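So the chains spell out like this:
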Amino acid sequence: MRLQTMTLGVGFAAVVLGGCLIDSDQPDLAGQDVRLTIIHTADIHSRLFPYDMVPNSFDQGYGLLPVNSPFGGIARISTMVKRIRVSAERSLWLDSGDAWEGAAVFNEFKGEAEIRSLSLAGMEGEVLGNHEFDLGTPQLVKELNAWSQFPHLVADYAWEDPSDSSSDNGLTLQDLTTPFQIYDVEGLKIGVIGLGNEDTLLSSYMGNTTLGFRPIDPGTALQQYVALLRPVCDLVVVLSHLGLDDDEGLSASQVDDPNASLPNQNVDLILGGHLHIVTNPPKLLPADDGSQYCVNNDCETLLIHSGAFAKYVGRIDLVVHVSDNGDNADPEHRTRITNFAYVNQPVDSTIPDDPDMANFMWPYSVQLNQDIDLNGVFSYVDPPGTATITRNDASGGDSQLGNMVARAMQLQQGVDAQFAFTNSLGIRADFNRGPLTNEQMFNVFPFENTIVVLYMSGQEVQDTLDFVAQESSQRGCKSQLQQAGITWDMVCRDDPTSSTPCKSIDPAVPDTACAQDTDCPSGDRCDTTQSRCVTRACAQNIFIGDNCRPLDPNTGMPNTDAPVDPATTPCTSLSPDGLYRVAVNNYIAAGGSGFIVLQRNTSQQDTGVSLRDSLTVFLTQEPAICDGMTTAQILDFTDTEMNTKCAVASQCPSGTCTNGIVTATGDSQVCNVLPASCMCAQGTIQQLWGNISCLDETIEAHDGRIRPVFQ
Amino acid sequence: MIRYALLAALLVGCTTMEPEKTSTQFVVTVVSPASLGDVNNRLTASGSGDAVTISVQAFDENDQPEDGAAGHADYNNTVGVYVHYLGTLTPYLTGSPLASVPMTHGTSQPVSFTIPPVYGPTTIWVDDDSASGTTFAAGTSPTLWFRDPFTADTQRPVNEMSIDALYDAPLDNKNVTIAGSQYGSNGGALVVTSVYAAGYTIADVQCAPGPTPPCARTDYGFMDVYSFSAPEDGRSRFIVEGEVIDGGYSGGVSEFDGLTELGFPQSFVNADTPLVNPALEPAPAVFDMSWFGNKIMFERNESGMIEIDNPVVCALDSAYTTYKEWKIDPSGAGDAATCAGDNVIDVVSAGAVELDPGTLVGQTLPKIIGNLRPINIGSYNVWIIYPRSMADITTP
């Protein structure tokens, strides 16, 4: 009887619902110019709670100003989405993937908080990013199945056996994703195709991440689904996590075979992610479909990336001219974007929280702080001025933060390696000036990587560093490796006329005999002594030890740009036949990011010690002294009060400033009188956080242990 | 359970009580200029902004005029006018529109306004930005076909005498496609003058037909194409110095600390075998001390190669420690006071040239050539040159 009642009720509701759909007549848009607003986010990377960072010049150019820190947060994003929706008749929120991984909330709740909050905020579609797989496919399946209320798109993955271990209650990832989705936005039909990342997933696969599928060529997949959607949709949108180069590769390039049928000719808009970049102004990719329309008009595909880490919400306002005859298969008459406007809006403290979302996130915040003590402080970062301890040195070589990480690995108790390697991209944020908290350590080290010890021959070291040079040469000669205990020249482009040109056989064409340069791929040179194609990027002048380069007589520090002098250096040259005890992280040890030489090494021992813990211990062991001053003397200017600049001392709350630093009475506030202004502080570092260590610019400073060379 | 089902049904039914969606559309007519041009016949813009006159009409979803006549809607909002060219809207929708067009009974009077200096296909965007009662309606005009920009158009300030001439790119935040040389088939070529780890620089030159050397440079005819990675063409071939970029290049213009650069570029080389001939590179501009008093000379040569004769190498200072910038004094004095002043040139050779500048301090270099990529932030100017190889530095 109960079942019968429910059936009747559902049936009645269905009838009414059906009638509702019939009654809510959609406007006939044929031949009209209509406005469509697309909300775009990408690479949110678990920044569900606001976080501190120092915006770089690009960010500041986009309006992300230090004074409006902290940044990000799903409650603010929710507010912004609601605001956009009330200022747009037709709107659609799409995300380009990698909502997972990057903050402690992910380590704690393993994706649940991301999926639930984005569902609540009203996200309408997301392509799967590579970091959605960081805890393996089964975990992804579990969370999507339990919580997701929006489509997850991916068209370029071929699924493995659906009965594999990736299932959750009989559901697999194949069941929980779709290659495309058609949205009816107030009469506009928008076909959205998801394209997931290939390369990084392959790296993840090498890194022993369970996948449950294999990627297929995105161009082929795209072509198939565009052919399917074009006739039945007004607009075809690609939601991509491929990265910019691959997004551009989807374009009908002017220089590839112009007669080839390329897949983006019928794509109106590509929304990209993965590289954490902003393309404002949007890129315009040639998209001539051969129609008379394109003869008379510049047919282009819009390509937009909207940044990362919840720093921005992209807003794309489109003017869409709807097909006059409804035939979207006909390029002369199909619906087209005739105009657009794009802005990436900063997610900062000027945006109020959406109270509903803030309430929803509150329990996550409470439990997170209970379990991890996110606000716990164990060091103070005190570089000069407004600088940070950076993971990317301006030179492209070793960085201070990278050096710290590698040194911590090298010196970790029980590891005691001769030198250490870690991949640059495993370090995800800088150390900002001020107290270093556990939360920041999760932002810097979101991955649960551990230290692996292995024994490498000198030749393996050479091959590994050759690989790093070749990879780095493709990335602006920015080192893809950070290290300690070893020094070398990263030759990104050699001088063929020098006495020491690169001689590393190109691993991409190792068996290709050559007689001249034209026999080799673009960028390679034929080494006639080997009759093999050699890369123009390689590792040279490798020495084991620290402070290998000559000292600058003016500073007493290593001259970061000087060649190692074999006669005077305290270091020893790498011996091809030597055997070295090396510390690496378990990601590259498993071949992640292409470190195949490490993967093949069979002497690996995983210590189980996390990089995050190792670095924390290393940093806490540093002295409580910065630039010759103890933490009892150094004032903290990073709290809220720091931003209170005052022209005269009386503007410091309760402060009395005379002749430099004077402690105010009563509330431990102090003022540091500067020539033209006064900045207010809460107190000394020691007063505020106890006897913690202090990190200034000298600790593991950039010292040229990796020296980029581009000749 | 039935009660819940009925309640649900009623709630669902409530959504049908909303009025039927309507949709206003605008038809934008360009009254002036009379000719819009076309893809093969481009309009010639004045270079300082041109007048455009438009009229606007509002129609409903059934293409009936919203004129308030019987059975027709009545549209009476004021709409904003914007111009779209080179990939962005000017101004953006949140800015003050170029003009406001009052609509009465679905029709406007012709409204004239001045558009900024525009290039390429250009449309007028009309948007209902009414403070109240907005319809979210938008419409665009037919395309006005202005000529595409050349390299110099992206570099040359609107007014060389203006205070921001050194750090204000006229097409900042626009997406440009430089399809070719401003000299066209009259010996024009786009030639790569230097390649560095994260980009390359290009010059728009005029050569003898072919193109055949020698090739002449032109003011503002240079661009820094910042690719972040080793620069490649659309076929993934590495770009090299002396190469002719025969299909042009494109990207987003940004003024980065006073240096105009093209970001996220695409470079198109159509030739199966790219033409590479360093002799096509124009001779560097020869610096003289008057440039310090007439700083626009630096701007005219930004991202081009410049030659400095007989400078003295200054003592290394913190700029070398921090940025690997060593200074030269073109006046030939080389004393501490001059070297600490503004009238010096910074040189960055690290990585590209195996040279320890500390060994040259106090000495006169007979000649040094480098690509000029300065920093200009307000009145703060650092003139930086980047030698490409040791061949660019003549030592005593």
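Nothing here was measured: the structure is a model prediction, and the numbers come from that model.

Our focus in this paragraph is the overall build of chain B. Along chain B, the regular secondary structure elements total six helices and 26 strands. Taking 21 Å as the expected radius of gyration for a compact globule of 396 residues, we find that chain B reaches 28 Å, considerably beyond that expectation. Its C-alpha atoms give chain B principal-axis dimensions of roughly 90 × 60 × 45 Å. Per-residue burial over chain B gives 47% buried out of 396 residues. In chain B, of all internal contacts separated by at least 6 residues, the share reaching a separation of at least 24 is 65%.

The next subject is the packing of helix 13 (residues 400-411) of chain A against helix 18 (residues 611-620) of chain A. All names here are of chain A. Two elements in contact, helix 13 and helix 18, have axes whose closest approach is 9 Å; the angle formed by their N-to-C orientations is 95°. Relative to helix 18, helix 13 is oriented roughly perpendicular. Where helix 13 approaches helix 18, its residues Met404, Val405, Arg407, Ala408, Met409 and Leu411 are matched on the opposing element by Leu611, Ser614, Leu615 and Phe618.

Turning our attention to the sheet that holds strand 33 (residues 693-695) of chain A. Residues and elements named next belong to chain A. Strand order in the open sheet formed by three strands is 17-15-33, with mixed pairing between adjacent strands. The sheet terminates laterally at strand 17 (434-437) and strand 33, the two strands that pair on one side only. Averaged over all adjacent pairs, the angle separating strand axes in this sheet is 35°, with direction ignored. Where strand 15 (residues 377-381) lies against strand 33, three bridges are found, and the strand directions are parallel. Counterpart to Tyr380 in the pairing with strand 33 is Cys694. Along the sheet face, helix 18 touches strand 15 and strand 33 and points at about 65° away from the line of strand 15.

Turning our attention to the pairing of strand 16 (residues 259-267) of chain B. Burial within strand 16 of chain B is extensive, with nine of its nine residues counted as buried. Where strand 15 (residues 249-256) of chain B folds back onto strand 16 of chain B in an antiparallel hairpin, the turn is made up of two residues, including Asp257 of chain B, whose phi is positive at roughly 50°.

This paragraph deals with unusual backbone geometry. For residues that are not glycine, phi is negative in most cases, and the peptide bond is trans in most cases. Ser69 of chain A connects to Pro70 of chain A through a cis peptide bond whose omega is 0°. Among the structural elements, Pro70 of chain A can be located in the loop between helix 2 (57-61) and helix 3 (74-86). Omega for the peptide link from Ser32 of chain B to Pro33 of chain B comes to 10°, which places this bond in the cis form. Tracing the chain through its elements places Pro33 of chain B in the loop between strand 1 (25-32) and strand 2 (50-59). The backbone of Asp43 of chain A shows a phi angle near 50°, a positive value even though the residue is not glycine. Along the polypeptide, Asp43 of chain A turns up in the loop between strand 1 (33-41) and helix 2. Take Asp43 of chain A: there are 28 C-beta atoms within 10 Å of it, and that puts it in the buried class. Its identity as a non-glycine residue notwithstanding, His45 of chain A has a phi of 50°, on the positive side. For His45 of chain A, a count of 24 C-beta atoms within 10 Å corresponds to the buried category.

The next point concerns the sheet that holds strand 20 (residues 486-493) of chain A. The strands that make up a sheet pair up through hydrogen bonds in the backbone, lying either parallel or antiparallel. All names here are of chain A. Across the sheet, four strands lie side by side as 24-23-20-34; this open sheet has mixed pairing. The open sheet terminates on both sides in strands that have one partner only, identified here as strand 24 (572-573) and strand 34 (706-710). With two bridges connecting them, strand 23 (residues 538-544) and strand 24 associate as antiparallel partners. The partner of Ile544 across the bridge, within strand 24, is Thr572.

This part takes up the packing of helix 3 of chain A against helix 12 (residues 355-372) of chain A. Residue and element names in this part refer to chain A. Packing of helix 3 against helix 12 brings their axes to within 8 Å, and their N-to-C directions diverge by 160°. It follows that helix 3 is roughly antiparallel to helix 12 by the angle criterion. Crossing of helix 3 over helix 12 shows right-handed handedness. Residue-level contacts link Ile74, Ala75 and Ser78 of helix 3 to Met357, Ala358 and Met361 of helix 12. Classifying every residue of the contact of helix 3 with helix 12 by side-chain character gives five nonpolar, one polar and no charged.

Another aspect to go through is the confidence of the model for chain A. It should be kept in mind that the predicted coordinates are not to be read in detail where pLDDT is low. Residues and elements named next belong to chain A. When pLDDT is averaged along chain A, the result is 85; 85% of the residues meet or exceed 70. Taken together, the stretch residues 1-24 has pLDDT below 50 and engages in 27 contacts with residues farther than four places along the chain or on a different chain. Contacts for the low-pLDDT stretch residues 639-651, under 50 throughout, to residues beyond four places or in other chains number 25 contacts.

All right, on to the confidence of the model for chain B then. Residue and element names in this part refer to chain B. With 93% of its residues at a pLDDT of 70 or more, chain B shows a mean pLDDT of 90. Counting interchain partners and residues more than four positions distant, the pLDDT-below-50 stretch residues 1-21 has 31 contacts. Model confidence for the complex is summarised by a pTM of 0.85, with the ipTM given as 0.86.

On to the environment of Phe150 of chain A. All names here are of chain A. By secondary structure assignment, the location of Phe150 is in the loop between helix 6 (137-147) and strand 4 (152-153). Between the alpha carbons of Phe150 and Leu574 there is a distance of 54 Å; along the sequence they are 424 residues apart. Aside from chain neighbours lying at most four places away, what touches Phe150 is Ser119, Met123, Glu124, Gly125 and Glu126.

Further remarks concern the nonpolar core. If you look at the biggest cluster of nonpolar residues, it comprises 265 residues, and the most contacted ones within it are Ile193 and Ala420 of chain A together with Val126, Val191 and Ile202 of chain B. Excluding its chain neighbours within four sequence positions, the residues that come into contact with Ala420 of chain A are Ala406, Met409, Gln410, Gln483, Ala484, Gly485, Val582, Ala583 and Val584 of chain A.

This part covers helix 9 (residues 218-229) of chain A. Think of an α-helix as turning once every 3.6 residues; residues three or four places apart then point the same way. Residues and elements named next belong to chain A. In this model helix 9 runs 16 Å from its N-terminal to its C-terminal C-alpha over twelve residues, within 8% of the 16 Å that 1.5 Å per residue would give. Among all positions in helix 9, only Pro218, Ala221, Leu222, Tyr225, Val226 and Leu229 are buried. One side of helix 9 carries all its buried residues, which in axial view fall inside an arc of 125°. When the buried face of helix 9 is taken as reference, the exposed residues oriented beyond 90 degrees from it are Thr220 and Ala227. Buried residues along helix 9 sit in contact with strand 6 (180-185), strand 7 (188-195), strand 9 (235-240) and helix 10 (244-249).

Restricting attention to buried positions, one finds in helix 18 of chain A the residues Leu611, Arg612, Ser614, Leu615, Phe618 and Leu619 of chain A. The buried residues of helix 18 of chain A all sit within an arc of 165° when viewed along its axis, so they share a single face.

Residue and element names in this part refer to chain A. Tracing the sequence through the fold places Leu411 in helix 13. Taking the C-beta count within 10 Å as the criterion, Leu411 has 18 such neighbours and is therefore assigned partly exposed. Residues Leu411 and Met456, 45 residues apart in the sequence, show an inter-C-alpha distance of 18 Å.

Further remarks concern the pairing of strand 2 (residues 91-95) of chain A. Residues and elements named next belong to chain A. With five of five residues buried, strand 2 lies mostly within the body of the structure. Of the two faces of strand 2, the one holding Ser91, Trp93 and Asp95 and the one holding Leu92 and Leu94 are both buried throughout. Sheet topology places strand 1 next to strand 2; five bridges connect them, and they run parallel. Directly across from Ile38, in strand 2, lies its bridge partner Leu92.

Scoring rules and cut-offs
In this convention, every chain numbers its residues from 1, walking through the sequence in written order. Written order determines the labels here, with chains lettered from A and ligands numbered from 1. Under the rules for a predicted model, residues below a pLDDT of 70 receive no local features and side-chain atom pairs below 80 are neither given nor counted, while totals for whole chains, interfaces and linings still include all residues. What counts as a helix is a DSSP run of H or I of at least four residues, what counts as a strand is a run of E of at least two, and both are numbered from the N terminus. C-alpha atoms define the radius of gyration in this analysis, and the globule rule sets the expected value at 2.2 Å times the number of residues to the power 0.38. Any residue whose C-beta has 12 or fewer other C-beta atoms within 10 Å is treated as exposed, any with 20 or more as buried, and any in between as partly exposed, C-beta atoms being built from the backbone. Contact between residues is assigned whenever the C-beta positions, reconstructed from backbone atoms, fall within 7 Å. Working convention: axes come from line fits to C-alpha atoms, limited for helices to the stretch in contact. Angles between N-to-C directions cover 0 to 180 degrees. Should an angle lie under 35 degrees it is considered roughly parallel, over 145 roughly antiparallel, and from 65 to 115 roughly perpendicular; all remaining angles are considered oblique. Strands were regarded as paired on the criterion that DSSP finds at least two bridges between them. Should the near helix be turned anticlockwise from the far one by less than a right angle, the crossing is left-handed, and should it be turned clockwise, the crossing is right-handed. Under the grouping applied here, Gly and all other residues not named as nonpolar or charged are polar, the nonpolar ones being Ala, Val, Leu, Ile, Met, Phe, Trp, Tyr, Cys and Pro and the charged ones Asp, Glu, Lys and Arg. On a range of 0 to 100, pLDDT expresses the predictor's confidence in each residue. Remark: nonpolar core denotes a set of buried Ala, Val, Leu, Ile, Met, Phe, Trp, Tyr and Cys residues whose joining runs through C-beta atoms within 7 Å. Take the number of residues in a helix, subtract one, and multiply by 1.5 Å to get its expected span. By construction, the arc corresponds to the directions joining the helix axis to the C-beta atoms.

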